[in-house]
Amino acid sequence: MRELVVLGTASQVPTRTRNHNGYLLRWDGEGLLFDPGEGTQRQMIHAGVSANMVTRICLTHVHGDHCFGLPGVLSRMALDAVPHPVHLHYPASGADVVRALVSVSTTGIDLRLHPHGEGGPVAEGLDVRPLRHRIETYGYRLAEPDGRTLLPERLRAAGIAGPDAGRLQRQGTLGGVRLDDVSVARPGQRFAFVMDTAPCPGAEELADGADLLVAESTFADDDAGLAGQYRHLTAGQAGELAAHSGARSLVLTHFSSRYGGDAALLSAQARARAGTAAVIAAEDLQRIGFPQRRRWSQGAVLQHGPLTASMPNPSSSQASHGGHS
């Protein structure tokens, strides 16, 4: 199972239809919770997400709308007696804030703290890169190793079937047949989380070749001055990031409340500059599936499957103006 569960999409000021940040990435046996803002525990209940699913919590930075939900989430995990270790990743400069938040949560889980102060790997397959915000901020990238897809017709021609196919994959060669002769490259899936940043090299590195790119879209293009002042992306800049990085799908989020509950304008501006990337303006409680893996077809063409998403019925309620955390 690989999908993104959107728990909240608002920036500094929540609205009637948008909770503060919160994103759960279900990735095989792991559950990575990104930037749990205030109210995340309740949003998890609405989304049908169990606290037991969370194995890692990843904070981009320690502004409140990205971390004030941490005590509630940790307390719920303790209440549910989550048996596995929970790894908490965060910028080293925010250690005092993180420890304060942890100190007011209920004890009883195996919480392991992992501060980082520079770009690079922080866990197997999980990397961080520095972003450009008003305080130290890092984005996250989760990458599956590249592999190979076996081609049935070539296996038949080589006389390889059954358990021998598995042996060939493990060994790389079998009876004079090389794995490369009967397979094609299969790029590993890639997920990128880019939050609270002005355009910068770190954002580009995170987004490079992403199958699913989650990017903030705090401001409309007409408010580019505000975006620059507060070091955020406009919708158009998020679209450009997806286009230049070759991302297959772009999920917009972290919307300023000045635009109410309707992200249609931001979505249109991002889509106009996103190239071939599919663009989704995230809604609270939405589930977004990964694009299907590229697959081999006759003529050696790599085909792309459709992007899937589901969401609750949107409310027509509007909200107050302002907000740019």
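Residues numbered from 1 in each chain as written. Predicted model: local features only at pLDDT ≥ 70, side-chain atom pairs only at ≥ 80, totals over all residues. Heavy atoms only, no water.

- Under an unreviewed UniProt entry, the chain has the name Ribonuclease Z and belongs to Pseudarthrobacter oxydans.
- Comment text from UniProt for the chain, heading Sequence similarities (unreviewed entry), reads "Belongs to the RNase Z family."
- Note on the chain: under the UniProt heading Catalytic activity (unreviewed entry), the record states "Endonucleolytic cleavage of RNA, removing extra 3' nucleotides from tRNA precursor, generating 3' termini of tRNAs. A 3'-hydroxy group is left at the tRNA terminus and a 5'-phosphoryl group is left at the trailer molecule." (UniProt positions renumbered as here; feature names shortened; annotations may be inferred.)

## A word on the environment of proline 291
For step 1, the next point in the chain: With respect to the helices and strands, proline 291 occurs in the loop between strand E18 (287–289) and strand E19 (295–297).
For step 2, the next point in the chain: We classify proline 291 as buried; its relative accessible area is 4%. (Helix = DSSP H or I, 4+ residues; strand = E, 2+ residues; numbered from the N terminus. Buried < 20%, exposed > 50% of the residue type's maximum accessible area, 1.4 Å probe, protein only.)

## A short note on the environment of serine 103
For step 1, the next point in the chain: Along the polypeptide, serine 103 turns up in helix H3 (residues 95–103).
For step 2, the next point in the chain: For serine 103, a relative accessible area of 55% corresponds to the exposed category.
For step 3, the next point in the chain: Through-space distance from the C-alpha of serine 103 to that of aspartate 223 is 39 Å; in sequence the pair is 120 residues apart.

## Some remarks on the sheet that holds strand E15 (residues 212–216)
For step 1, the next point in the chain: Sheet architecture is open: 7 strands sit in the order E7-E8-E9-E14-E15-E16-E17, paired in mixed fashion. Both edges of this open sheet fall to strand E7 (120–123) and strand E17 (278–281), since each of them pairs with a single strand only. Across the sheet, the axes of successive neighbouring strands diverge by a mean angle of 20°, strand direction being ignored.
For step 2, the next point in the chain: Pairing between strand E14 (residues 190–194) and E15: 4 bridges, direction parallel. Following the sheet pairing, valine 194 is matched in E15 by alanine 215. (Pairing = 2+ DSSP bridges. Axes fitted to C-alpha atoms, helices over the stretch in contact; angles between N-to-C directions.)

## Some words on the layout of surface pockets
Space left empty within the atom packing is revealed by a probe, the size of a water molecule, rolled over the atoms.
For step 1, the next point in the chain: The computed volume of the second largest pocket comes to approximately 180 Å³.
For step 2, the next point in the chain: Contributing to the lining of the second largest pocket are 14 residues, with Trp27, Glu124, Gly125, Leu142 and Ala143 lying nearest its centre.
For step 3, the next point in the chain: Looking at the lining of the second largest pocket, the elements with two or more residues in it are strand E3 (30–34) and strand E9 (138–143).
For step 4, the next point in the chain: Partitioned by chemical class, the residues of the lining of the second largest pocket number 7 nonpolar, 1 polar and 6 charged. (1 Å grid on protein atoms, 1.4 Å probe; cavity = no way out; pocket = protein on both sides within 12 Å on 5 of 7 lines; lining within 4 Å. Points joined across faces, edges and corners; volume = space filled by probe spheres on them. Nonpolar A, V, L, I, M, F, W, Y, C, P; charged D, E, K, R; others polar.)

## Comments concerning the UniProt feature "binding site: Zn(2+) 1" (unreviewed entry) in the chain
For step 1, the next point in the chain: Those places that UniProt annotates as "binding site: Zn(2+) 1" (unreviewed entry) correspond, in this numbering, to His61, His63, His133 and Asp196. A compact arrangement is adopted by the annotated residues: their sequence extent is 136 residues, whereas the largest C-alpha distance between any two is 10.6 Å.
For step 2, the next point in the chain: Inspection of the secondary structure puts histidine 63 in the loop between strand E4 (56–58) and helix H2 (70–79).
For step 3, the next point in the chain: Note on histidine 63: relative accessible area 17%, which makes it buried.
For step 4, the next point in the chain: Following the sequence through the fold, aspartate 196 ends up in the loop between E14 and helix H6 (201–207).
For step 5, the next point in the chain: For aspartate 196, a relative accessible area of 0% puts it in the buried group.

## Describing the packing of helix H8 (residues 235–245) against helix H9 (residues 264–271)
In a pair of packed helices, the angle between the axes and the distance between the axes together describe the arrangement.
For step 1, the next point in the chain: Running from N to C, H8 and H9 point in directions that differ by 40°, and their axes come no closer than 7 Å. When the interaxial angle is binned, H8 and H9 end up oblique. Crossing hand, H8 versus H9: right-handed. Here Ala235, Gly236 and Gly239 of H8 come into contact with H9, specifically with Leu266, Gln269 and Ala270.
For step 2, the next point in the chain: Class assignment of the residues belonging to the contact of H8 with H9 gives a composition of 3 nonpolar, 3 polar and no charged. (Parallel < 35°, antiparallel > 145°, perpendicular 65-115°, else oblique. Left-handed = near helix turned anticlockwise from the far one by under 90°. Contact = heavy atoms within 4.5 Å.)

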